[in-house]
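Here are the chains, one letter per residue:
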Amino acid sequence: MAAAQAGGGGGGAPTPDQYAQGPFFKVTLDGDPLKEESHFVEVSGLDVIIDMTEYCEGGTLTPRKLPGPPRYSNLLFRRGVTASKSFVDWVQKAANREVTRMGGKIMLCKRDGSPIIEWTFEKGWPCRYEGPRMSSLQGGLAFECVEVAHEGHGGAVGRPPRL
């Protein structure tokens, strides 16, 4: 029983993050030469904003509201510091002016690693990395953050999670 808890598995195969306490995000990059899965505790930016344009047709006082082009927020991935190298290597290459755009898949997974729902993103590149912040006054884990600019994401595929 203690081995299953230490592995983070809960009956199935253990997740690479042995400290996972609940659902997590599994992220893969399409062009990653290592074909490595990276695990994150938080993902944000999975939104789309469709700008609106008001247009008055001749002779009418009430403007028509027309949809404009969609805008996507940058994706923000947060996790505890880990030995996983895919995202760190990608950021390092971008910092050295070797920007590689990659698509990817974001999966919300159960604790045992089975996916619940997934999204895709297109032509992403790392635009910001935030290393771990640590304080001797506060205990806790060291978290790192990677921000990815992209040119669109696909909606959720799968069934919505139960609350």
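### Some points on the packing of aromatic side chains
For the coordinates displayed, the defined rule picks out four aromatic pairs. With a centroid separation of 5.2 Å and an interplanar angle of 45 degrees, the aromatic rings of Phe40 and Phe77 are classed as tilted. Taken together, the residues span a long stretch of sequence, with Phe40 in strand β2 (residues 38-40) and Phe77 in strand β6 (residues 75-80) at a distance of 37 residues. Exposure remark for Phe40: the relative accessible area of 1% places this residue in the buried category. Of the residues examined, Phe77 reaches a relative accessible area of 0% and is grouped as buried. Cluster of aromatic residues (ring-pair linked, three or more members): Phe40, Phe77, Phe87 and Trp90.

### Things to note about the confidence of the model for the protein chain
Should the pLDDT be low somewhere, the predicted coordinates at that spot are not to be read in detail. Across the protein chain, the average pLDDT comes to 81, with 82% of residues at or above 70. Of all the helices and strands in the protein chain, helix α1 (residues 2-6) carries the lowest mean pLDDT, 34, while strand β3 (residues 42-44) carries the highest, 94. For residues 1-15, every residue scores under 50 in pLDDT, and the model assigns this stretch 19 contacts once sequence neighbours within four places are set aside.

Analysis parameters
Residues numbered from 1 in each chain as written. Predicted model: local features only at pLDDT ≥ 70, side-chain atom pairs only at ≥ 80, totals over all residues. Heavy atoms only, no water. Phe/Tyr/Trp six-rings, centres within 6.5 Å; stacked < 30°, edge-to-face > 60°. Helix = DSSP H or I, 4+ residues; strand = E, 2+ residues; numbered from the N terminus. Buried < 20%, exposed > 50% of the residue type's maximum accessible area, 1.4 Å probe, protein only. pLDDT = per-residue confidence, 0-100. Contact = heavy atoms within 4.5 Å.

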